[in-house]
Amino acid sequence: MQLLVIGNGGREHAIAWKLAQSPLVETIFIAPGNAGTALGAKLKNISITAIPDLVNFARQEKIHLTVVGPEAPLTEGIVDAFQAAGLRIFGPTRHAARLEGSKSFAKAFMLRHGIPTAASETFTDATVAHHYIDGHALPVVIKADGLAAGKGVIIAQTPEEAHAAVDAMLVDHKLGAAGAHILIEDYLEGEEVSFIVLSDGKNMLPLATSQDHKRLLDNDAGPNTGGMGAYSPAPVITSDLHDNIMQRIMLPVIRGMAQEGHPYIGFLYAGLMISPQGDAHVLEFNCRLGDPETQAILLRLKSDLFTLLEHAVNGTLDQPQIEWDQRVALCVVMAAQGYPANPRKNDEIHGLAAIMARQEETGDFHVFHAGTTSNQQYPGKVFTSGGRVLGITALGEDLQQARVQAYDIAATIRFEGCQLRRDIGSKGLAQRICGKPD
């Protein structure tokens, strides 16, 4: 049967790669995909992005199931459009996707259903927001209400940083409509983790836990990004804490959405802060898999992903169980020069051919493409086309082994201006990885 995956990032490459392992799947179209998905077995890129055109394509090609990777088409209503056309699609409806599309909606929803989260206030007027900051303890977290590609959260340590963030969003409109409303939120101390479940609207299956690294630079310095690396599992989530998160956070979300008439079908991601006392509070919800958490999680998944998604769409997630590789997976993101503010494009990537041959032999690592493209004028060459370029993801018997292998592989791949953190999985990691092309 034929599937369709929507998106072009590392998350979508990982989803398509894992779906292609199912013996039930013949072809997977990726819209629009990247240079990595263009080379995958069973995978085929298509240059279609508009929702009406995707609906027509799915109808004409008799697509059995469409899987939506990124948040933007979900919040734009792609699931509603496919369902209206009688097509099978996996993901939350436009209303359900407001859990990510509007932080003020998510905050009000959490308050209605008793889900632990930080206190916050919403503002549209810069003067009022400045006055609120003047009377509030620091640090504070300033968030754009809408989607901002991972760039809409500022942790302000000083009054100057807080006021500058307010002006950037409400006065200078640097985030456009996404920053027309902002939330100013209490800062929570602790360790941040990612907790993702697969939901059919009433039943849930938790995925392997993971930890993301949002800041651009080592030791959690620099601006927030879409994510510079991740590993799975997250040791901070004990068995007792896992149960607590399911009962106090994830289950109330699924029940609450159903009670409000919008059953949540899809991946539900909770970004959580685990306090020093071991309590979990929600920082944000995402209506899809995380990136780069997906790369680490799916490298560990031993179950057939396609079968799991079939159960989710059919409302039978109470039937399957998920099997995981007991090894640790770690993903290191290699990003373009200038990321996240102004990423440079069209730099040639060196070293990929040798690594691709090696990954087919070993099977214990995979290089997932994100911001990559090919050019017919230069056959066999791959170029950068976005901020996060590659996700080097490796398995190991422990975190140290997975980390060493991921960084060893990254050391063989080069492009001009490459950025990556050298401390994913270890604050003490310090070695030179990125060089310039020969």
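Structure's up top.
This is a predicted model, so every value here is computed, not measured.

K.L.:
A description of the pattern of salt bridges should follow, citing residues and the corresponding values.
P.N.:
The final tally for this structure, using the stated rule, is 16 salt bridges. Two residues, Glu185 and Lys143, come together in a salt bridge whose shortest N-O distance is 3.0 Å. Linking Glu185 in strand β9 (residues 182–186) with Lys143 in strand β7 (residues 140–144), this pair joins segments that are 42 residues apart in sequence. Lys143 gets classed as buried once you look at its relative accessible area, which sits at 5%.

K.L.:
So what's going on with the sheet that holds strand β2 (residues 27–32)? Which residues, and what values?
P.N.:
Read across the sheet, 5 strands follow the order β3-β2-β1-β4-β5 without closing on themselves; strand pairing throughout is parallel. Of all the strands in the sheet, the pair left with one neighbour each is β3 (43–45) and β5 (89–90). Sitting on the sheet, helix α11 (residues 305–314) touches β1 (2–7), β4 (65–68) and β5, and the angle it makes with β4 is about 95 degrees.

K.L.:
Quick one: what's the story with helix α10 (residues 293–300), residue by residue and with numbers?
P.N.:
Note on helix geometry: an α-helix contains 3.6 residues per turn, so any two residues three or four positions apart are oriented the same way. Extensive coverage of α10 is indicated by the burial of 8 of its 8 residues. Every buried residue belonging to α10 is among Glu293, Thr294, Gln295, Ala296, Ile297, Leu298, Leu299 and Arg300, and all of these are buried.

K.L.:
Can you tell me about empty space enclosed by the protein, naming the residues and giving the values?
P.N.:
To find leftover empty space, one rolls a probe the size of a water molecule over the atoms. One pass over the structure, following the stated rule, counts 3 cavities of 30 Å³ or more. Approximately 70 Å³ is the volume found for the largest cavity. Surrounding the largest cavity, Leu99, Ser102, Lys103, Ala106, Lys107, Met110, Lys143, Leu183, Glu185, Leu283, Glu284 and Phe285 form its lining. Sorting the residues of the lining of the largest cavity by element identifies α6 (103–112), β9 and β17 (280–286) as the ones contributing at least two each.

K.L.:
Tell me about the side chain of Thr75, and please be specific about residues and values.
P.N.:
Following the sequence through the fold, Thr75 ends up in helix α3 (residues 71–75). Other than its neighbours up to four places away in sequence, Thr75 contacts Arg94, Ala97, Gly101 and Leu147.

K.L.:
Explain the sheet that holds strand β11 (residues 204–206) to me, and be specific about the residues and the numbers.
P.N.:
Taken in spatial order, the 4 strands line up as β11-β10-β16-β17 in an open sheet, and their pairing is antiparallel. Strands with a single pairing partner mark the edges of an open sheet, and in this sheet they are β11 and β17. Averaged over neighbouring strand pairs, the angle between their axes works out to 30 degrees when direction is ignored. Sheet topology note: the strand β16 (residues 265–274)/β17 ladder contains 6 bridges and is antiparallel. In the strand pairing of β17, Leu272 is matched with Val282.

K.L.:
Pulling in residues and values, what's your account of unusual backbone geometry?
P.N.:
A cis geometry characterises the amide bond from Asp291 onward to Pro292, with omega recorded as 25 degrees. The omega torsion across Tyr339 and Pro340 is 10 degrees, close enough to zero to call that bond cis. A positive phi angle is found at Lys42, which is not glycine, with a value near 70 degrees. Overall, the relative accessible area of 33% leaves Lys42 in the partly exposed class. You will see that Asp220, though not glycine, has its phi angle at about 55 degrees, which is positive. Looking at the element boundaries, Asp220 is found in the loop between β13 (215–217) and β14 (221–224).

K.L.:
With reference to specific residues and values, describe the nonpolar core.
P.N.:
Soluble globular proteins tend to pack their nonpolar side chains together in the buried interior. Core analysis: the largest hydrophobic core is formed by 50 residues, its most contacted members being Leu4, Ile78, Leu99, Met250 and Phe285. When residues in this core are grouped by element, the largest group, 9 residues, is from helix α9 (residues 239–259). Among residues more than four places away in sequence, those in contact with Met250 are Phe195, Val197, Met204, Ile245, Leu268 and Ala270. Ala14, Ala16, Ile196 and Phe306 belong to the second-largest nonpolar core, a separate cluster that totals 34 residues.

K.L.:
Can you break down the packing of aromatic side chains residue by residue, with the values?
P.N.:
Going through the model one piece at a time under the given rule, you end up with 6 aromatic pairs. The interplanar angle of 50 degrees and the centroid separation of 5.1 Å between the aromatic rings of Phe123 and Tyr132 together place this pair among those described as tilted.

K.L.:
Quick one: what's the story with the environment of Thr117, residue by residue and with numbers?
P.N.:
Along the chain, the position of Thr117 falls in the loop between α6 and β6 (120–123). Judged by relative accessible area, which is 15%, Thr117 ranks as buried. Linking Thr117 and Leu272, residues 155 residues apart in sequence, is a C-alpha distance of 8.9 Å. Beyond its immediate stretch of four places on either side in the chain, Thr117 contacts Lys107, Met110, His281 and Val282. In this structure the side chain of Thr117 is engaged in a polar contact, spanning 2.8 Å, whose partner is the backbone oxygen of Val282.

K.L.:
Kindly report on the pairing of β9, identifying the contributing residues and their values.
P.N.:
Of all 5 residues making up β9, 4 are buried, and the element is well covered by its neighbours. The pairing of β6 with β9 spans 4 bridges and is antiparallel. In the strand pairing of β9, Phe123 is matched with Ile182. With 5 bridges connecting them, β7 and β9 associate as antiparallel partners. The residue bridging Lys143 from the neighbouring strand is Leu183, located in β9.

K.L.:
Would you mind going over the environment of Phe306 in detail, with residue names and values included?
P.N.:
Mapped onto the fold, Phe306 is located in helix α11. Contact partners of Phe306, with chain neighbours within four places excluded, come to Met1, Leu3, Leu19, Ser22, Leu24, Val25, His64 and Leu65.

K.L.:
Help me get a handle on the pairing of β17, residues and values and all.
P.N.:
Of all 7 residues in β17, 6 are buried, a share of seventy percent or more. With antiparallel pairing between neighbouring strands as the criterion, β16 and β17 make up a hairpin whose turn holds 5 residues, including Gly278 at a positive phi of roughly 90 degrees.

K.L.:
An account of the packing of helix α1 (residues 10–19) against α11 is requested, with residue identities and associated values reported.
P.N.:
Two quantities define a packed helix pair, namely the angle between the helix axes and the distance between the axes. With their axes 8 Å apart at the nearest point, α1 and α11 run at an angle of 100 degrees to one another. One finds that α1 runs roughly perpendicular with respect to α11. Listed contacts from α11 to Ile15, Lys18 and Leu19 of α1 are Leu305, Phe306 and Leu309. Among the residues forming the contact of α1 with α11, the class breakdown is 5 nonpolar, no polar and 1 charged.

Rules behind the numbers
Residues numbered from 1 in each chain as written. Predicted model: local features only at pLDDT ≥ 70, side-chain atom pairs only at ≥ 80, totals over all residues. Heavy atoms only, no water. Salt bridge = Lys/Arg side-chain N within 4 Å of Asp/Glu carboxyl O. Helix = DSSP H or I, 4+ residues; strand = E, 2+ residues; numbered from the N terminus. Buried < 20%, exposed > 50% of the residue type's maximum accessible area, 1.4 Å probe, protein only. Pairing = 2+ DSSP bridges. Contact = heavy atoms within 4.5 Å. Axes fitted to C-alpha atoms, helices over the stretch in contact; angles between N-to-C directions. 1 Å grid on protein atoms, 1.4 Å probe; cavity = no way out; pocket = protein on both sides within 12 Å on 5 of 7 lines; lining within 4 Å. Points joined across faces, edges and corners; volume = space filled by probe spheres on them. Core = buried A, V, L, I, M, F, W, Y, C linked by side-chain atoms within 4.5 Å. Phe/Tyr/Trp six-rings, centres within 6.5 Å; stacked < 30°, edge-to-face > 60°. Polar contact = N/O pair within 3.5 Å; in protein donor to acceptor, adjacent residues only side chain to side chain. Parallel < 35°, antiparallel > 145°, perpendicular 65-115°, else oblique. Nonpolar A, V, L, I, M, F, W, Y, C, P; charged D, E, K, R; others polar.

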